[in-house]
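Each chain, letter by letter, is given below.
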Amino acid sequence: MKILALHATKNTNGENDAGGAFVPQATVFARARRAVGDTVTVVGFDNLLPGPARFRAFCDLLRAADTYDALAYFGHGTRRGLPSAGVTMDLIWALGDAIHTKA
């Protein structure tokens, strides 16, 4: 299986969220999946860009990637979106389109 794993790269609000959770967990995930024979591409994204630019940059990474069978996201998430990636419910269809280009 080919997996694209995207993670937030910058800590937010004085927290150690990227450095303490998202980056290390993406690394652990990739190591575990590679151990069972998967191909994993790990890519960081700038989660401190302004909202619209952050979403565009995140989607650009999805479109620029090699084809993948699965997508793993390491960043903040809520019931209403993926704030680390600038995704809101209003943008869900655009996110789906970006994923569809290579999935």
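Everything quoted here is computed from the prediction, not taken from an experiment.

Draft legend 1. Quick look at the side chain of Asn47. Among the secondary structure elements, Asn47 is positioned in the loop between β2 (39-45) and α2 (51-64). In this structure the side chain of Asn47 is engaged in a polar contact, spanning 2.8 Å, whose partner is the backbone oxygen of Lys10. With residues near it in sequence (within four places) discarded, Asn47 still touches Ala8, Thr9, Lys10, Thr12, Arg54 and Ser84.

Draft legend 2. Looking closely at the environment of Arg33. Here Arg33 shows up in helix α1 (residues 17-35). Each C-alpha atom, one on Arg33 and one on Ile3, is 8.7 Å from the other, the two residues being 30 residues apart in sequence. Setting aside residues up to four positions removed in sequence, Arg33 forms contacts with Ile3, Asp38 and Val40.

Draft legend 3. Here's a closer look at the packing of aromatic side chains. For the structure shown, the criterion picks out 4 aromatic pairs. Taking the centre distance of 6.2 Å and the plane angle of 15 degrees together, the rings of Phe45 and Tyr73 count as stacked. Residue Phe45 is found in strand β2, and its partner Tyr73 is found in strand β3 (residues 70-74); the two are separated by 28 residues along the sequence. Judged by relative accessible area, which is 22%, Tyr73 ranks as partly exposed. Ring plane angle 85 degrees and centroid distance 6.1 Å describe the contact between Phe58 and Tyr73, whose orientation is recorded as edge-to-face. With Phe58 in helix α2 and Tyr73 in strand β3, this residue pair connects regions lying 15 residues apart in the sequence. Taking the relative accessible area as the measure of exposure, Phe58 reaches 3% and is therefore buried.

Draft legend 4. A look at the pairing of strand β1 (residues 2-8). In terms of residue burial, β1 counts as a mostly covered element, since 6 of its 7 residues are buried. Bridge count for β1 against β2 is 7 bridges, and the pairing is parallel. Each bridged residue has a counterpart across the sheet, and for Ala5 the counterpart in β2 is Val42. Read as a crossover between parallel neighbours, the route from β1 over α1 to β2 is right-handed. Direction of pairing for β1 relative to β3: parallel, over a ladder of 5 bridges. Bridge assignment links Leu6 to a residue of β3, and that residue is Tyr73.

Rules and cut-offs
- Residues numbered from 1 in each chain as written.
- Predicted model: local features only at pLDDT ≥ 70, side-chain atom pairs only at ≥ 80, totals over all residues.
- Heavy atoms only, no water.
- Helix = DSSP H or I, 4+ residues; strand = E, 2+ residues; numbered from the N terminus.
- Polar contact = N/O pair within 3.5 Å; in protein donor to acceptor, adjacent residues only side chain to side chain.
- Contact = heavy atoms within 4.5 Å.
- Phe/Tyr/Trp six-rings, centres within 6.5 Å; stacked < 30°, edge-to-face > 60°.
- Buried < 20%, exposed > 50% of the residue type's maximum accessible area, 1.4 Å probe, protein only.
- Pairing = 2+ DSSP bridges.
- Right-handed = clockwise from strand over helix to strand, strands pointing away.

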